[in-house]
Amino acid sequence: MKKTVSMTINGAPQSHEVEPRLLLVHYIREQAGLTGTHVGCDTSQCGACTVHLNGMAVKSCTLLAVQCEGAQVLTIEGLAKDGKLHPIQEGFWEKHGLQCGFCTPGMIMSAHQMLSRNPRPTEQQIRHDLEGNLCRCTGYHNIVKAIQYAAEKMAGK
Amino acid sequence: MATARLLGASIKRREDPRFITGKGNYTDDLKLAGMTHAAFVRSPHANAKIRKIDTSKASKAPGVVAIFTGKDMTGVNSLPCGWLLPELKIPAHMPLASDAARYVGDPVAIVIAESQSAASDAADLVAVDWEVLRSVTATEQATAKGSVQIHEVAPDNVAFKWQIGDAAATDAAFKSAAVTVKKRIVNQRLVANPMEPRACVARYEDATGEWTLWVTSQNPHVHRLLMTAFVLGIPEHKVRVIAPDVGGGFGSKIFLYNEETVCTWATRQIKRPIRWTSSRREAFQTDAHGRDHVTDAEVAVAKDGKLLGLRVKTTANLGAYLSTFAPAVPTYLYATLLNGVYEWPAIHAEVTGVFTNTTPVDAYRGAGRPEACYLLERMIDAAAAAINMDPAEIRRKNFIPKFDNGYQTKVALSYDSGNYGAAFDKLLGMLDYKKFRSDQAAARAQGRLMGIGFSTYIEACSIAPSKVVGSLGAQAGLWESGKVQVHPTGKVSVFTGSHSHGQGHETTMAQIVADHLGIPMDDVEIVHGDTGRVPFGMGTYGSRSASVGGTAIVMSLDKIKEKGKKIAAHLLEANPKDMEYVGGQFVVKGSPQKAIPFGQVALTAYVPHNYPEGLEPGLEETSFYDPANFCFPFGAHACVVEVDPDTGHVKILRYLAVDDVGNVINPMIVDGMVHGGIAQGVAQALWEEAVYDRDSGQLVSGSMMDYTLPKADMLPFYETARTETPTPVNPLGVKGAGETGTIASTPAVVNAVVDALSGLGVDHIDAMPLTPERVWKTAQAAKSKK
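Here we take up the domain arrangement of chain B. Many structure descriptions define interface size as the accessible area lost when the parts assemble. All names here are of chain B. Here chain B is partitioned into domain 1 (18-133 + 195-248 + 253-286), domain 2 (289-463 + 629-785) and domain 3 (479-625). Between domain 1 and domain 3, the contact holds 16 residues from the first and 14 residues from the second. For the side of domain 1 that touches domain 3, the element with the highest residue contribution is helix H5 (residues 220-232), accounting for four residues. Among the residues forming the side of domain 1 that touches domain 3, the class breakdown is eight nonpolar, five polar and three charged.

This is how it looks when you write it as structure tokens:
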């Protein structure tokens, strides 16, 4: 039995008939065709699927699409505005905060929420707040630097 | 016009904009018209005979397109082993097991359906009648009396017995030595865990008889060759293999696996595209694992600290079948590195490769070299402790002195260039070693357990000279291709057989090309990962892309310049021998006003009206570079830890690394690779371990919930520095940077923990990871002995 679900993703309305068991992340990737949000595990450890749901960073593998009826979803594709990178995206580029790029969208979406809650985090706060996101390439060094860069840049605005 | 050198500059990566905006193109992102989805039925048992597979209920499930078992795959051969050792036992490794399954996760059937959920649902309905057998998973139990026999072709579960070095000289060294130290060293099994799980999309086109396979591969040509020529018997030239953006590999995506092979076979049967993406649980069970050695090591040392001999007996767990390069890892990539950076009178190593009911083991970042480095650096510290010498002093006393071109080791390899003492001195300077020792003493007086560990490492990379590896059993040449295509407008496309899955080749290789041609990087594109566009190439592993792949590109650039000189000389009515290439122009030596820019030469090559007699039009060159030797990066790492005496928890206070990777193309990228490598090596020391239940053979650490991958708050900022000793092996002078951190860091951490506990009488810990429980128990046992 399929159900219709409607939500707004990156400002664009979406409506699809889906199986009730469909995860939000698969809805975003397969139905909405936005493949920047990734699936890196099946136990909600890796955080590669992190998106914003009504302004909150969530792991989109822990929600069913049908739970998100009427929701506002922001994915990595919606972060840059008018072709201008968000300061966090810029930070990841400037500070070499990515290598293979697979964890990066989730990292950036988590960092976004982190900085909105705590605009001037310490190194230890950044490291602690990244506990829901795994990266296997960078050893986190440059991810922390990227978020520090973004925090400074955003505070300077 | 003088321009700053691009080689050696920290240029931001050109690949990043697509990744930070979510526009990467990974295999699972691909959607094709008519695409079906696959799920594999896998063995839940470590060792079981298959009596019957009943697919009748599953094939009636909604959305099912087809189900195939091993019996359906007639005419299909075993997955090949690409490295042969003398008397190696090679059991059949069929893409779908049909007689028996030999590890948890061994695939026995593929279910193809209209959606992923339909495929997974139906896979649960495939009924396999198993006859469950006893299993053996532990390395040291594989050859034990009474252990279950896994393959008929391999009595006592022995795949090979192999040795290197001089046994008689080593025995003699031990007989006359003042002090000998013997330790058990267990190098535990790891799971690579690139963040992107393996995936493939296979498409067969009936009209043309052509296949396209998109696959998470570090070496698409190798995948194509092995799959077509050895397993499926389909024409190599009719198969295009594309490895698009690949989310990390660390070795695990080198190998030809069951799943992409079965999908490539099955797409022809159903004449529709098939996508398969591994779940993380499947990745834990089926991605080739790494390490898993049990070793008895002995070192003989004089009272003054001079090393006299090293004797090593290793049992290497290869898993249930031989993965693509499995036999090479615990032999030629391991024991040949046991010389380290030290002068040894004698070394002898024996390795026994064994089969167990576990996931096949193959190269994981470092591949053999981390095992060698860990053993050696741990034993050096143990030897120092036995003669009551400082670990820094014993290292200094035994370093091979500086050399520029060649040092013959006791275990076959001849090093390229090295200055080991200089890297170590730099490290000690960064550390302020004397101060650390006084701080440590003060902390001890307060009951705090601080420790420092060194690792002065070497690795062999730039894999590899084909003739050499061929004589050692490699069934492949390990050269690399580089094609440079200059377009009429002077823009340049470069096709490399190397593959980037995080290394940043689109940037670093463009730096090489733009630097050599004196043109803007924006005029250069780097193409990789597509057998339909790139000349046959061997791919990326063994820290080979810059040194081997980069050199192939440089060779083509040199040919482009030579041809360009002829064209420019003709236009200038000069002798080609009098031409030189400077700053993007072909110039008559000594007459800088007589110059033709690169772009004009490119155009002339394609519009050859005023053109040298007999010269072919066009400006495109391909080169294949086969290195004359390996390259040998080296360095010195140190880790400073504090151990909580009440809980055994290890906290890393500082991590310092001085690496020498030869010349550096992009320091930012090299630092990044070093950081990531350190994190993986630290994680082996402290957290990671693939654990099998000894009774059931189940992989109990088979998810990210159960297997401890490092997180940001478990690691510090790394203090990195470099010395630069160019290699004489290749014209770029680059050695390799992708694996140094992983190789060096594990022993630095373990040595630091042992040092922290040394006041309690601890001089060794057999096994890793150094979990709080293991550290606490070690400390308690030492205390109770006192």
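Each partner contributes residues to the interface: chain A has 45 residues there, and chain B has 41 residues. Of all the elements in the fold, those that place two or more residues in the side of chain A that touches chain B are helix H2 (87-94), helix H3 (104-117), helix H4 (123-129) and helix H5 (141-155) of chain A. Here the side of chain A that touches chain B is composed, by residue class, of 21 nonpolar, 16 polar and eight charged.

For the rest of this paragraph, the subject is the packing of helix H8 (residues 369-386) of chain B against helix H17 (residues 740-757) of chain B. Residue and element names in this part refer to chain B. Following both chains from N to C, one finds H8 and H17 inclined at 30°, their axes separated by 8 Å at the closest point. When the axis of H8 is compared with that of H17, the two are roughly parallel. Classified by chirality, the crossing of H17 by H8 is right-handed. On H17, the residues that touch Arg369, Pro370, Cys373, Tyr374, Glu377, Arg378 and Asp381 of H8 are Thr742, Ile743, Ala744, Thr746, Pro747, Val750, Asn751 and Val754. The residue inventory of the contact of H8 with H17, partitioned by class, reads eight nonpolar, three polar and four charged.

A separate point is H5 of chain B. Residue and element names in this part refer to chain B. When you tally the buried positions in H5, you get 10 out of 13 residues, the bulk of the element. When we look at burial in H5, the residues that qualify are Pro220, His221, Val222, His223, Arg224, Leu225, Leu226, Met227, Val231 and Leu232. Check the buried side of H5 and you find it contacts strand E10 (210-215), strand E11 (239-242) and helix H6 (258-270). After H5 finishes, the residue Gly233 shows a positive phi value of roughly 60°.

This part is about the sheet that holds strand E14 (residues 307-319) of chain B. Residue and element names in this part refer to chain B. Strand order in the open sheet made by the five strands is E7-E15-E14-E13-E8, with mixed pairing throughout. In the strand order of this sheet, the two ends are held by strand E7 (158-165) and strand E8 (179-191), each with one partner. For this sheet the average axis-to-axis angle between neighbouring strands, irrespective of direction, equals 10°. Direction of pairing for E7 relative to strand E15 (residues 347-355): antiparallel, over a ladder of seven bridges. The residue bridging Lys161 from the neighbouring strand is Thr352, located in E15. Sheet contacts for helix H4 (residues 167-176): E7, E8, strand E13 (289-301), E14 and E15; angle to E14, the most-contacted strand, approximately 125°.

The rules we used
Residues numbered from 1 in each chain as written. Chains lettered and ligands numbered in written order. Predicted model: local features only at pLDDT ≥ 70, side-chain atom pairs only at ≥ 80, totals over all residues. Domains from an automatic or database assignment. Contact = placed C-beta atoms within 7 Å. Helix = DSSP H or I, 4+ residues; strand = E, 2+ residues; numbered from the N terminus. Nonpolar A, V, L, I, M, F, W, Y, C, P; charged D, E, K, R; others polar. Axes fitted to C-alpha atoms, helices over the stretch in contact; angles between N-to-C directions. Parallel < 35°, antiparallel > 145°, perpendicular 65-115°, else oblique. Left-handed = near helix turned anticlockwise from the far one by under 90°. Buried ≥ 20, exposed ≤ 12 C-beta atoms within 10 Å, placed from the backbone. Pairing = 2+ DSSP bridges.

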